[in-house]
Amino acid sequence: MEALLVRERYKVVQVLRAEECYAFAEAVDILDREKGTCLLNIYEGPLLRTYLPYFDQMQGCPAFRGMFLDGESLVTVFDDCVGTPIDQVFYRGDRHHWRTRLDYAQRLLHQALSMADLPAAVSCAAMLSENVRIDFKSGTLALRFQVVPLEGMVPRELVYLTCDQLRKILLPRSSSPVEELMLLDELDRGNCKTVVQLYALWRERQGALQAAYEALDKKNFFQRWCALLWGRVKRWSARRKRR
């Protein structure tokens, strides 16, 4: 079967998603094979008019290679993204060390902060679970820009989506210190309106979280059990006072 070429330049390797007026594909730039594969978002019909202004605001996105009109289609080109979807990496019952969790929480929030100035329709799509990609071999957390059409996206929605992903990394566990659990409680209260505020909250609590884990590591089993139990009592009391 003859290979599909977009604008006589991008050879489509695989169509990853296709629906009315939208398609997402993996491709190779035959004019610059050194860059490896790339990702194409293709919009037609009413989506073309909707998304064209959004991609005019992508100067701050390093993964964005550009866009062009091809016939009656808008095509946007992004760098490819390696890694495993976050849901297959962080889940209930996983065995990741707390240092790994804090490291990838930092990486996730840095990615969210880097998209603070992007259109919400783009940033929110990139923060969906299937697009948050983790590669332990290279020690990276990257976002795949499968910019699927979403309705009603506003900047605060990016905060909600980021918090959802953060809860997967900092999943409440029997070994979670109270500092981590109370941070998750604060996220649930929704006080952060922007990703800048969310990142500032993380930076404020990050040191205390690490210190709490390090303190637990120095305790024996009984001391650790008592400390974790006392932390949960403090958390219960704080929750009760807020009611």
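Above this text you will find the structure in question.
Residues numbered from 1 in each chain as written. Predicted model: local features only at pLDDT ≥ 70, side-chain atom pairs only at ≥ 80, totals over all residues. Heavy atoms only, no water.

**Q** I would appreciate a short explanation of the overall build of the protein in the present structure.
**A** Assigned secondary structure in the protein consists of seven helices and nine strands. Based on the C-alpha atoms only, the size of the protein along its principal axes is roughly 65 × 35 × 25 Å. Considering only contacts in the protein between residues 6 or more positions apart, those separated by 24 or more positions represent 62%. Here the protein displays about 13,400 Å² of accessible surface, and carbon together with sulfur accounts for 52% of that area. (Helix = DSSP H or I, 4+ residues; strand = E, 2+ residues; numbered from the N terminus. Contact = heavy atoms within 4.5 Å. Areas by Shrake-Rupley, 256 points an atom, 1.4 Å probe, with all protein chains shown as cover.)

**Q** Looking at this structure, how should I read helix α4 (residues 155-169)?
**A** Taking 1.5 Å per residue, 15 residues should reach 21 Å; α4 reaches 22 Å between its end C-alpha atoms and fits that length. The set of residues buried in α4 consists of Leu 158, Val 159, Leu 161, Thr 162, Cys 163, Gln 165, Leu 166, Lys 168 and Ile 169. The inward-facing, buried residues of α4 abut α2 (98-114), α3 (120-126), β8 (132-135), α5 (178-189) and α6 (195-217). (Expected span 1.5 Å × (residues − 1). Buried < 20%, exposed > 50% of the residue type's maximum accessible area, 1.4 Å probe, protein only.)

**Q** Can you help me understand a nonpolar patch on the surface in this one?
**A** Taken together, the side chains of Phe 221, Phe 222, Trp 225, Leu 229, Trp 230 and Val 233 present a nonpolar region at the surface, about 740 Å² in accessible area. For Phe 222, the location among the structural elements is in helix α7 (residues 221-242). (Patch = residues over 30% accessible without salt bridge, like charges linked within 9 Å, V, L, I, M, F, W, Y side chains within 5 Å. Salt bridge = Lys/Arg side-chain N within 4 Å of Asp/Glu carboxyl O.)

**Q** I tried to follow the sheet that holds strand β3 (residues 22-29) on my own but got confused; where do I start?
**A** Here we have six strands laid out as an open sheet, ordered β1-β2-β3-β4-β6-β5, and antiparallel in their pairing. Each edge of the sheet is formed by a strand with only one pairing partner; in this case those strands are β1 (5-6) and β5 (64-70). For strand β2 (residues 10-19) and β3, the ladder comprises eight bridges, and the chain directions are antiparallel. Bridging from a neighbouring strand, Val 15 pairs with Ala 25 of β3. (Pairing = 2+ DSSP bridges.)

**Q** Can you help me understand the packing of aromatic side chains in this one?
**A** Note on aromatic pairs: each is described by the distance of the centres and the angle between the planes. Tallying each qualifying case throughout the model produces 15 aromatic pairs. Ring centres of Phe 90 and Tyr 104 lie 6.3 Å apart, and the angle between their planes is 55 degrees; this geometry places the pair in the tilted category. In this pair, Phe 90 sits in the loop between β7 (84-85) and α2 while Tyr 104 sits in helix α2, placing the two residues 14 residues apart along the sequence. You'll find Phe 90 and Tyr 104 in the same group, each marked buried. Ring centres of Tyr 104 and Phe 136 lie 5.2 Å apart, and the angle between their planes is 85 degrees; on these two criteria the pair is classed as edge-to-face. Note that Tyr 104 is positioned in helix α2 and Phe 136 in the loop between β8 and β9 (140-143), a separation of 32 residues in sequence. One Lys or Arg, Arg 107, reaches over the ring of Tyr 104 and ends 5.5 Å from the middle of that ring. (Phe/Tyr/Trp six-rings, centres within 6.5 Å; stacked < 30°, edge-to-face > 60°. Lys NZ or Arg CZ within 6 Å of the ring centre and 35° of its normal.)

**Q** Teacher, can you tell me more about the pairing of β3 here?
**A** Each regular strand carries side chains that alternate between the two faces of the sheet. Counting buried positions over the eight residues of β3 gives seven, a clear majority of the element. The antiparallel pairing of β2 with β3 creates a hairpin that spans two residues between the two strands, and Cys 21 there sits at a positive phi of about 70 degrees. Pairing between β3 and strand β4 (residues 37-44): seven bridges, direction antiparallel. Residue Val 28 lies in a different strand from β4, and its bridge partner there is Thr 37.

**Q** Help me understand the pairing of β5 in this model?
**A** The sheet contact formed by β5 and strand β6 (residues 73-79) spans six bridges and is antiparallel. Bridge assignment links Leu 69 to a residue of β6, and that residue is Leu 74. The antiparallel pairing of β5 with β6 creates a hairpin that spans two residues between the two strands, and Gly 71 there sits at a positive phi of about 65 degrees.

**Q** When you look at the sheet that holds β7 in this model, what are you seeing that I'm missing?
**A** Strand-to-strand pairing in sheets goes through backbone hydrogen bonds, with the strands running parallel or antiparallel. Read from one edge of the open sheet, three strands run β7-β8-β9, paired in antiparallel fashion. Edge positions in the sheet fall to β7 and β9, since each of these pairs with one other strand and no more. With respect to the sheet, α2 is in contact with β8 and β9, its orientation differing from that of β9 by roughly 30 degrees. (Axes fitted to C-alpha atoms, helices over the stretch in contact; angles between N-to-C directions.)

**Q** Can you walk me through α5 in this structure?
**A** An α-helical turn contains 3.6 residues, so any two residues separated by three or four positions project in the same direction. With twelve residues, α5 should cover 16 Å at 1.5 Å per step; its first-to-last C-alpha distance of 17 Å lies within 8% of that length. Turning to α5, its buried residues number three or more, namely Val 178, Glu 180, Leu 181, Leu 183, Leu 184, Asp 185, Glu 186 and Leu 187. Lining the buried residues of α5 we find α2, α4, α6 and α7. Gly 190, located one to two residues past α5, shows a positive phi value of around 70 degrees.

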